[in-house]
Amino acid sequence: MTTPLCPCGRSEPYERCCGRFHAGAAAAPTAEILMRSRYSAFVRLDAGYLLRTWHPRTRPARLDLDPGTRWTGLEILDTADGSAFHSTGTVTFRASYRGGSLHERSRFERVEGAWVYVDGEFLD
Ligand SMILES: [Zn+2]
């Protein structure tokens, strides 16, 4: 029996990768890993995790995910700061879905030690 790999694109089983963050067993240590775990949450329609990892200042009151969206992959294009030594960071990525892709530069901050998503800028 093969364990499915995590949707975020790292060569790890879901349970050992983003699954730990979604379950609340660990916090993403860098902005990039948080970004990957949020992509996996979109794939798995985990709106609760997406809201939990959204900055309180910019978090929407609710989030309706479209189960018809077929996400097909995440490519991290660039990162700036966002490590254990920073309090802010940006991650530029392309998230692909059937029929298109989303190219965005996302901003992250740490709130009480945990990385959260602030907002994003669409690039094309
Ligand atoms: Zn993952």
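Quick caveat, the model's predicted, so the values are computed rather than measured.

How each quantity is defined
Residues numbered from 1 in each chain as written. Predicted model: local features only at pLDDT ≥ 70, side-chain atom pairs only at ≥ 80, totals over all residues. Heavy atoms only, no water. Pairing = 2+ DSSP bridges. Helix = DSSP H or I, 4+ residues; strand = E, 2+ residues; numbered from the N terminus. Core = buried A, V, L, I, M, F, W, Y, C linked by side-chain atoms within 4.5 Å. Buried < 20%, exposed > 50% of the residue type's maximum accessible area, 1.4 Å probe, protein only. Contact = heavy atoms within 4.5 Å. Phe/Tyr/Trp six-rings, centres within 6.5 Å; stacked < 30°, edge-to-face > 60°. Donors = N, O, S within 2.8 Å, 3.2 Å for Na, K, Ca; no water. Tetrahedral: all angles 85-135°; square planar, octahedral: opposite > 155°, others 65-115°. 1 Å grid on protein atoms, 1.4 Å probe; cavity = no way out; pocket = protein on both sides within 12 Å on 5 of 7 lines; lining within 4 Å. Points joined across faces, edges and corners; volume = space filled by probe spheres on them. Nonpolar A, V, L, I, M, F, W, Y, C, P; charged D, E, K, R; others polar.

Trainee: Explain the pairing of strand 4 (residues 114-122) to me, please; I cannot follow it from the model alone.
Mentor: Within a regular strand, side chains alternate between the sheet's two faces. Both strand 3 (residues 100-111) and strand 4 contribute to a ladder of eight bridges, which runs antiparallel. By the bridge assignment for strand 4, Glu-104 is matched with Phe-122. Taking the residues that link successive antiparallel strands as the turn, the strand 3-strand 4 hairpin has two residues, and the phi of Glu-112 there is positive, at about 50 degrees.

Trainee: Mind showing me how you'd approach the nonpolar core here?
Mentor: Buried together is how nonpolar side chains tend to be arranged in soluble globular proteins. Core analysis: the largest hydrophobic core is formed by 20 residues, its most contacted members being Leu-34, Met-35, Leu-74 and Phe-108. Those elements that place two or more of their residues in this core are helix 2 (31-43), helix 3 (47-52), strand 2 (88-97) and strand 4. Filtering out sequence-adjacent residues up to four positions away, Phe-108 remains in contact with Ala-31, Leu-34, Met-35, Arg-38, Ser-87, Thr-88, Gly-89, Val-91, Trp-115, Val-116, Tyr-117 and Val-118. Formed by five residues, the second largest nonpolar core is a distinct cluster that contains Cys-6, Cys-8, Cys-17 and Cys-18.

Trainee: Is there a simple way to think about the packing of aromatic side chains in this case?
Mentor: Given two aromatic rings, their pairing is described by the distance between the two centres and the angle made by the two planes. Following the criterion strictly, the structure yields five aromatic pairs and no others. Ring centres of Tyr-39 and Trp-71 lie 5.8 Å apart, and the angle between their planes is 80 degrees; on these two criteria the pair is classed as edge-to-face. Remark: Trp-71 occurs in strand 1 (residues 71-81) and Tyr-39 occurs in helix 2; sequence separation between them is 32 residues. Ring geometry for Phe-108 versus Tyr-117: centroids 5.8 Å apart, planes at 65 degrees, classification edge-to-face.

Trainee: How do you make sense of the coordination of the zinc ion when you look at a structure like this?
Mentor: Between any two of four tetrahedral donors, the ideal angle at the metal is 109.5 degrees; between two of six octahedral donors, it is 90 or 180 degrees. Protein coordination at the zinc ion comes from Cys-6 (SG), Cys-8 (SG), Cys-17 (SG) and Cys-18 (SG), with a distance range of 2.2 to 2.4 Å. Coordination geometry of the zinc ion: the four donor atoms subtend angles of 102 to 117 degrees at the metal centre, consistent with an arrangement described as tetrahedral. All donors of the zinc ion belong to a single chain; written as a sequence motif, their spacing is C-x1-C-x8-C-C. Of this pair, Cys-8 sits in the segment before helix 1 (18-22) while Cys-18 sits in helix 1, placing them ten residues apart in sequence.

Trainee: Mind showing me how you'd approach the layout of surface pockets here?
Mentor: The probe, sized like a water molecule, is rolled over the atoms to show the empty space still left. There is about 220 Å³ of room inside the largest pocket. Surrounding the largest pocket, 13 residues form its lining, Arg-38, Phe-42, Phe-93, Leu-102 and Glu-104 being those nearest its centre. The set of elements that each furnish at least two residues to the lining of the largest pocket consists of helix 2, strand 2 and strand 3. No other element matches the four residues that helix 2 contributes to the lining of the largest pocket. In the lining of the largest pocket, the residues fall into ten nonpolar, one polar and two charged. Reported here for the second largest pocket is a volume of approximately 170 Å³. Looking at the second largest pocket, the residues that line it are Phe-21, Gly-24, Ala-26, Ala-27, Ala-28, Leu-34, Tyr-49, Arg-52, Thr-53, Ala-114, Trp-115 and Val-116. Only helix 3 and strand 4 provide two or more residues apiece to the lining of the second largest pocket. Broken down by class, the residue content of the lining of the second largest pocket amounts to nine nonpolar, two polar and one charged.

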